[in-house]
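Chains, contacts and geometry: an overview
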Amino acid sequence: ISSFIIEPKWNGIRAVVGVGDGNVRILTKEGNRVTGFPDLEDRIRSLGRNRRGLVLDGEIIAGTGRTDNERQTVINQIFSGAPPLPSILSAVRRQTGTITFVAFDILMLDGVSLIEYPIEGRKNALARLIPDEVQRQLNIEVTDFVTDDQLTYRGVVKGMEFEGVVLKRQGSKY
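Predicted model, so just to flag it, every value in this text is computed and none were measured.

So, about the overall build of the protein. Scanning the protein from N- to C-terminus turns up six helices and eight strands. Each of the 174 residues in the protein was classed as buried or not, and the buried ones make up 42%. Considering only contacts in the protein between residues 6 or more positions apart, those separated by 24 or more positions represent 74%.

Along the chain, Asp 132 turns up in helix H5 (residues 132-138). When its relative accessible area of 53% is taken as the criterion, Asp 132 is described as exposed. In the structure, Asp 132 is positioned ten residues away from Val 142 in sequence and 8.6 Å away in space, judged by C-alpha atoms.

Here the focus is helix H1 (residues 38-48). Turning to H1, its buried residues number three or more, namely Leu 40, Glu 41, Arg 43, Ile 44, Leu 47 and Gly 48. The buried residues of H1 occupy an angular sector of 160° when projected down its axis, which confines them to one face. One or two residues past the end of H1 sits Asn 50, with phi positive at roughly 65°.

With seven bridges connecting them, strand E2 (residues 13-20) and strand E4 (residues 54-62) associate as antiparallel partners. Bridged to Ile 13 within E4 is Ile 60. Here E2 pairs with strand E3 (residues 23-28) via six bridges, running antiparallel. Across the sheet, the residue bridging to Val 16 is Leu 27, located in E3. Hairpin connection from E2 to E3: two residues lie between these consecutive antiparallel strands, with Asp 21 at a positive phi of about 55°.

Following the criterion strictly, the structure yields eight salt bridges and no others. Among the salt bridges present, the one from Asp 110 reaches Arg 51, with a minimum N-O distance of 3.0 Å. With Asp 110 in the loop between strand E5 (99-109) and strand E6 (112-113) and Arg 51 in the loop between H1 and E4, the pair connects residues that are 59 residues apart, well separated along the chain. Taking the relative accessible area as the measure of exposure, Asp 110 reaches 23% and is therefore partly exposed. Note on Arg 51: relative accessible area 30%, which makes it partly exposed. A salt bridge links Lys 173 to Glu 116; the nearest nitrogen and oxygen atoms lie 3.3 Å apart. Separated by 57 residues along the polypeptide, Lys 173 in the segment after strand E8 (165-169) and Glu 116 in the loop between E6 and helix H4 (119-129) bring together distant segments of the chain. One connected set of salt bridges, linked through shared partners, spans Glu 7, Lys 123 and Lys 168.

This part takes up the environment of Met 108. Considering the arrangement of structural elements, one finds Met 108 in strand E5. By relative accessible area, Met 108 is classed as partly exposed at 27%. Residues Met 108 and Val 19, 89 residues apart in the sequence, show an inter-C-alpha distance of 9.9 Å. Setting aside residues no more than four positions away along its own chain, Met 108 makes contact with Gly 53, Leu 54, Val 55, Ser 113 and Leu 114.

Let's shift gears to unusual backbone geometry. Peptide bonds are, in most cases, trans, and in most cases residues other than glycine have a negative phi. The phi dihedral of Asp 21 is positive, around 55°, even though this residue is not glycine. Topologically, Asp 21 is positioned in the loop between E2 and E3. A relative accessible area of 77% means that Asp 21 is categorised as exposed. The backbone of Asn 50 shows a phi angle near 65°, a positive value even though the residue is not glycine. Positionally, Asn 50 belongs in the loop between H1 and E4.

Cut-off values and rules
- Residues numbered from 1 in each chain as written.
- Predicted model: local features only at pLDDT ≥ 70, side-chain atom pairs only at ≥ 80, totals over all residues.
- Heavy atoms only, no water.
- Helix = DSSP H or I, 4+ residues; strand = E, 2+ residues; numbered from the N terminus.
- Buried < 20%, exposed > 50% of the residue type's maximum accessible area, 1.4 Å probe, protein only.
- Contact = heavy atoms within 4.5 Å.
- Arc of directions from axis to C-beta.
- Pairing = 2+ DSSP bridges.
- Salt bridge = Lys/Arg side-chain N within 4 Å of Asp/Glu carboxyl O.

Pasting the structure below:
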């Protein structure tokens with residue numbers, strides 16, 4: 001296990017988000033465009049401001065991103081076919097918390113593809129792009145990971161009631 005990066009498995013919807021020239025695109029892992037999150041699009045646009053191109057891989061979650069009900073909230077919003085009304089967003093926030101994008105990889109930064117770089121370099125670039133202060137301001141999180149203490153991490157993940165863990169080989173390309 002020591003040759004892997006270990007991350008929590010979020011219970012939301014996998015998404016690739018991109019921003020360039022002020023335009024934001026959110027795609028599911030199947031490549032379908034997601035349009036039901038105008039607030040999230042605005043936050044991603046802010047993150048990509050003054051960048052020539054930015055693409056992140058992550059998960060759209062509601063609330064804690066740990067329960068099936070929270071995942072269903074995200075699915076319902078994606079497939080409703082229309083941007084949510086403010087009253088719906090308020091109800092979602094009351095029930096499950098804010099919709100959050102949890103980034104776990106960066107594929108492009110300032111128009112330069114990073115997919116051939118080792119995962120550790122991409123994780124470092126992601127942490128520099130979205131430091132803690134920016135995470136709090138924009139409600140865009142960077143997922144935590146460990147590289148060598150699998151037993152401790154498994155205990156933390158289990159204690160936090162995550163669905164499981166994701167293992168990624170150290171040094172791997174995207």
